[in-house]
Structures are given as C-alpha cells and as structure tokens.
Amino acid sequence: MKKTRRDLLLAALPLAALPLTGAGDVLAQPAGPSGRLDPTPACGDGHGATPAQTEGPYFTPNSPRRTALYEPGMDGTRLRVGGLVLDRACRPLSNVLVDLWQADAQGRYDNAGYRLRGHQFTDAEGRWQFDSVLPAIYVGRTRHLHVKLQPRGGKILTTQLYFPSDVAGNARDRIFDKRLLMNTAGDAEQMIARYDFVLA
Ligand SMILES: [Fe+2]
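Residue numbers restart at each chain and count upward from 1, following the sequence in its written direction. Restriction of local features to residues with pLDDT of at least 70 applies here, the model being predicted, together with a cutoff of 80 or more for giving and counting side-chain atom pairs; totals for whole chains, interfaces and linings are based on all residues. In computing side-chain properties, one takes all heavy atoms of the structure into account and sets aside hydrogens as well as water.

Only DSSP runs of H or I with at least four residues qualify as helices, and only runs of E with at least two residues qualify as strands; both kinds are numbered from the N terminus onward. Of the regular secondary structure elements, the protein holds two helices and nine strands. Helices and strands in the protein line up, N terminus first, as α-β-β-β-β-β-β-α-β-β-β. Contact criterion: two residues are considered in contact whenever any of their non-hydrogen atoms come within 4.5 Å of each other. Of all intrachain contacts in the protein linking residues separated by at least 6 positions in sequence, the fraction that spans at least 24 positions is 70%. Total accessible area on the protein stands at roughly 9,800 Å², and carbon and sulfur atoms take up 54% of it. The accessible surface values rely on the Shrake-Rupley method and a 1.4 Å probe; as for residues, cover is taken only from the protein chains in view.

On to the nonpolar core. Note on soluble globular proteins: their nonpolar side chains tend to be buried together. Among the buried residues, those of types Ala, Val, Leu, Ile, Met, Phe, Trp, Tyr and Cys that are joined through side-chain atoms within 4.5 Å form a nonpolar core. Buried, partly exposed and exposed residues are distinguished by accessible area as a fraction of the type maximum, computed with a 1.4 Å probe on protein chains only: under 20%, between the cut-offs, and over 50%, respectively. One finds Val81, Trp128, Leu149 and Leu161 to be the most contacted residues of the largest nonpolar core, which totals 28 residues. Going through the elements one at a time, β1 (78–87), β2 (97–101), β4 (127–133), β5 (144–150), β6 (157–162), β8 (190–194) and β9 (197–199) are the ones with two or more residues in this core.

Next up on the list: the pattern of salt bridges. Within this document, salt bridges are pairs made up of a side-chain nitrogen of Lys or Arg and a carboxyl oxygen of Asp or Glu, the two lying within 4 Å of each other. Going through the model one piece at a time under the given rule, you end up with eleven salt bridges. When the shortest N-O distance is used, the salt bridge between Arg80 and Asp131 registers 2.6 Å. Of this pair, Arg80 sits in strand β1 while Asp131 sits in strand β4, placing them 51 residues apart in sequence. Asp131 gets classed as buried once you look at its relative accessible area, which sits at 5%. Between Arg179 and Asp177 there is a salt bridge, with the nearest N and O atoms lying 2.7 Å from each other. The exposure class of Asp177 is buried, given its relative accessible area of 15%. Put simply, Asp104, Arg108 and Arg115 are held in one network by salt bridges that share partners.

Across the six residues that make up β6, a large majority, six, are buried. Strands qualify as paired when DSSP identifies two bridges or more between them. Pairing geometry for β5 and β6, over six bridges, is antiparallel. By the bridge assignment, Leu145 is partnered in β6 with Leu161. As consecutive antiparallel partners, β5 and β6 are separated by six residues, and within that stretch Gly153 has a phi angle of approximately 75°, a positive value.

Within the open sheet, the four strands sit side by side as β3-β2-β5-β6. Their pairing is antiparallel. Each end of this open sheet is capped by a strand with a single partner; those strands are β3 (117–121) and β6. Between one strand axis and the next, the sheet turns by 20° as a mean value, whatever way the strands run. Interaxial angle, 0 to 180 degrees, is taken between N-to-C directions of lines fitted to C-alpha atoms, where a helix line uses only the stretch in contact.

To pair, rings of Phe, Tyr and Trp, with the six-membered ring standing in for Trp, must have centres within 6.5 Å; the planes then decide the type, stacked if under 30 degrees apart, edge-to-face if over 60, and tilted in the middle. Applying the stated rule across the entire model yields six aromatic pairs. Ring geometry for Trp128 versus Phe197: centroids 5.5 Å apart, planes at 45°, classification tilted. Here Phe197 lies in strand β9 and Trp128 lies in strand β4, a separation of 69 residues in the sequence. Neither residue differs from the other here; Trp128 and Phe197 are each classed as buried. Through a chain of ring-to-ring contacts, the aromatic side chains of Trp128, Phe130, Tyr195 and Phe197 assemble into a single cluster.

For the rest of this paragraph, the subject is the environment of Arg91. Tracing the sequence through the fold places Arg91 in the loop between β1 and β2. The exposed category is assigned to Arg91, whose relative accessible area is 53%. For the pair formed by Arg91 and Val198, sequence separation is 107 residues and the distance between their alpha carbons is 9.2 Å. Those residues in contact with Arg91 that sit more than four places away from it in its chain are Val85 and Leu86. Here Asp87 takes part through its side chain, which lies 2.8 Å from a polar atom of the side chain of Arg91. We define a polar contact as two N or O atoms separated by no more than 3.5 Å, with the added condition that, inside protein, one atom must be a possible hydrogen donor and the other a possible acceptor, whereas residues neighbouring each other in sequence contribute only through side-chain atom pairs.

Structural data, given as structure tokens:
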C-alpha cells in the first residue's frame with residue numbers, strides 16, 4: 001500500500017508525548033515567527049486564566065483514559081492537539097485531568113458511546129495531547145473542541161477551543177472567544193494545534 005505524506009508524517013511523530021522543544025519537534029511546523037507553534041496565550045504576557053465556556057448538550061462523564069481518539073477508518077483531517085497546563089505564574093501543572101470531547105468530520109457527536117471522547121492527566125512538564133480528527137462545522141456553531149480540566153482536588157474548568165482558520169464561522173458564533181483560539185499548522189491531511197491552558 002502506498003504511503004501518503006500523512007502516514008509518513010504521523011509515523012515520524014512520537015505518540016507518547018508532545019515534544020514542545022528541540023529538534024524534530026512536532027510543533028516545529030511552519031507557523032509563527034519562531035518557526036514553531038507559539039504558546040497560546042503566551043503566559044506572562046498579561047493574559048489571565050483561560051476563560052470558562054458553556055459545556056453544551058453533549059458531555060458524557062467517565063470517558064476512557066486515552067490519548068488516541070482517532071480510530072482507523074475515521075474520515076477527515078487528522079488532528080494532533082496538545083499543549084501545556086500552567087498556573088498563573090506560568091509554572092507547569094502535572095496530574096491535571098484533561099477531558100476532551102468533540103464532533104466527528106460529519107459534525108456528529110457520539111452520544112451513545114465514547115467515540116472521539118477521552119481523558120488523560122498532564123505529565124510532569126504539564127503537557128497534554130490527543131490524536132484525533134478535525135471536527136466538522138455543524139449547524140449553528142463554528143468549529144470547536146470541548147474540554148474540561150481539573151487539577152487534583154481542584155475546581156473544574158469547562159471550556160472550548162477554536163480554530164483560527166475558520167474566520168467567518170468564528171465571527172458568526174455567539175459563544176466564540178478569541179482568547180480560546182489555538183495556534184494551528186498543517187494541511188488537508190493533517191493539522192497540528194496547540195493551546196496552553198492557564199488555570200486560576
Ligand atoms: Fe459542541
């Protein structure tokens with residue numbers, strides 16, 4: 001079987017962790033003046049804590065613990081999304097629960113099972129990452145991901161993340177908040193997206 005560029009690219013990427021620095025960096029994509037995906041927001045740049053947003057109607061508790069939400073045969077652009085979880089002093093937070101749920105490439109949520117739903121805990125450097133697919137834009141909303149974060153014993157932050165390429169959809173969306181825009185790079189086959197959460 002012929003390997004596509006996407007297969008080669010994905011095969012070259014370590015699945016266990018999201019390298020944020022160094023050679024071969026998964027985020028060292030052609031985006032931003034630094035030649036890699038820049039932090040979002042740049043902690044310490046006067047940004048406050050990541051804003052909360054509505055949960056929406058499709059959250060399902062007790063998602064499986066996993067980083068791979070993509071399943072063979074799923075349609076759509078492959079999406080690797082990740083970043084850091086930081087405190088207000090820009091220190092990485094480990095062991096933070098990160099639960100992500102989203103629509104598929106047809107705009108459907110799985111409300112019977114756990115397709116495109118999962119949770120994980122940030123590692124010692126505060127990193128989180130999911131391998132997934134790009135959600136479709138469905139009627140009434142711009143393209144988005146849903147996330148819940150919870151430090152051990154701490155308060156839950158429920159929010160959503162957005163894609164900067166969907167300019168018209170973001171402008172129309174009543175829930176959209178530009179503070180929740182990810183940094184993205186990629187093409188129709190694969191997208192890499194970064195967001196760094198700052199918890200109060
Ligand atoms: Fe949604």
